[in-house]
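# Commentary on secondary and tertiary structure
Single-letter residue listing:
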Amino acid sequence: MAHVVAGSIEFEIGPGSAVPTTPVLYVSLFLLPPQLVPVVPLAGLIGAAYLARLRDPGRRERLPVLAGSAWHAMGPAVVFALARVNGPAFEVMGICAIALVAQFACDTAASWVRNVYGLGVPAGKLVGALRFTFLADLMLAPVGVAAALAAPGSAAALLFLAGPILLLAMLPA
């Protein structure tokens, strides 16, 4: 549900939009087995698309587009699997940094395929949009890690994300 809420907050930039889902991703990395982590953003984006359709019946999000938007979670999940991270601890902060770089790599690849190859968006326009997205993710990932540290091994960590995510929802579109 947390990913549905965060995925419903869109900031339009360049050829697409950014959603503040990174904190939920990082809590998920500590709560779930790595092979299940990519399911969270996919399910969250499907739920957010359903809510968007309720608000605007003309809006249609196709499953392949949503799956491509969720692809960013693959990198961090693979990093956590390879590192065999068992739970939140200050000792895994380096792994979290590597996971964030992997997230950026997967997001870049998926965005390039969808926008540059699929839609013909100029690569320079995509770079500007990704710059905003990556800066937002860089600022939001520590919020998710801090929430996981505050409530280790508990879904209650998601409650720590409510304030920052709802604050972002209040920003003008």
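Scoring rules and cut-offs
Residues numbered from 1 in each chain as written. Predicted model: local features only at pLDDT ≥ 70, side-chain atom pairs only at ≥ 80, totals over all residues. Heavy atoms only, no water. Helix = DSSP H or I, 4+ residues; strand = E, 2+ residues; numbered from the N terminus. Rg over C-alpha atoms; globule rule 2.2 N^0.38 Å. Buried < 20%, exposed > 50% of the residue type's maximum accessible area, 1.4 Å probe, protein only. Areas by Shrake-Rupley, 256 points an atom, 1.4 Å probe, with all protein chains shown as cover. Lys, Arg positive; Asp, Glu negative; His and termini not counted. Charge placed at Lys NZ, Arg CZ, Asp CG, Glu CD. Phe/Tyr/Trp six-rings, centres within 6.5 Å; stacked < 30°, edge-to-face > 60°. pLDDT = per-residue confidence, 0-100. Core = buried A, V, L, I, M, F, W, Y, C linked by side-chain atoms within 4.5 Å. Contact = heavy atoms within 4.5 Å. Expected span 1.5 Å × (residues − 1). Bend = angle between axes of the 7 residues up to and from the residue.

Secondary structure assignment for the protein yields eight helices and two strands. Its helices and strands in sequence order give the protein the pattern α-β-β-α-α-α-α-α-α-α, from N to C terminus. For 173 residues, the compact-globule estimate of 2.2 N^0.38 gives 16 Å, and the protein sits close to it at 15 Å. Judged by the C-alpha coordinates and their principal axes, the protein covers about 40 × 30 × 25 Å. A burial count over the protein gives 42% of its 173 residues as buried. Taken as a whole, the protein presents about 9200 Å² of accessible surface, with 70% of it coming from carbon and sulfur. Charge centroids of the protein, computed over 9 positive and 7 negative side chains, lie 7 Å from each other.

Taken as a whole and assessed by the stated rule, the structure comprises two aromatic pairs. Aromatic side chains F30 and F80 sit 5.2 Å apart centroid to centroid with 75 degrees between the ring planes, which places their arrangement in the edge-to-face category. Placement of the pair is F30 in helix α2 (residues 22-31) and F80 in helix α5 (residues 74-83), with a sequence separation of 50 residues. What makes F30 buried here is its relative accessible area of 9%. Under the relative-accessibility criterion, F80 is labelled buried at 2%. With a centroid separation of 4.3 Å and an interplanar angle of 20 degrees, the aromatic rings of F104 and F134 are classed as stacked. On the criterion of sequence distance, the pair formed by F104 in helix α6 (residues 93-119) and F134 in helix α7 (residues 123-150) is long-range, its members being 30 residues apart. We note that F104, like F134, is buried.

Moving on: the confidence of the model for the protein. Overall, the prediction assigns the protein a mean pLDDT of 85, with 94% of residues at 70 or greater. Within the protein, the lowest mean pLDDT, 67, falls on strand β2 (residues 16-18), and the highest, 96, falls on α5.

It is worth spelling out the nonpolar core at this point. By size, the foremost hydrophobic cluster in this structure holds 23 residues, and its most contacted members are L25, Y26, L29, F30 and F80. Broken down by secondary-structure element, the contributors of at least two residues to this core are α2, α5, α6 and α7. Among all residues touching L29, those that are not within four sequence positions of it are V37, P76, A77 and F80. Counting eleven residues, the second largest nonpolar core, distinct from the first, contains V27, L140, A147 and L168.

This part covers α7. Structurally, the α-helix is built with 3.6 residues per turn, so residues lying three or four positions apart point the same way. When the terminal C-alpha atoms of α7 are compared, their 40 Å separation across 28 residues agrees well with the 40 Å that a helix rising 1.5 Å per residue should span. The axis of α7 is deflected most strongly, by about 25 degrees, at M139, and proline P142 appears within four residues downstream.

Turning next to α2. With nine of ten residues buried, α2 lies mostly within the body of the structure. Turning to α2, its buried residues are T22, P23, V24, L25, Y26, V27, S28, L29 and F30.

For the rest of this paragraph, the subject is the side chain of D137. Inspection of the secondary structure assignment puts D137 in helix α7. Residue contacts for D137: discarding those within four places in its chain leaves T22, L100, Q103, F104 and D107.

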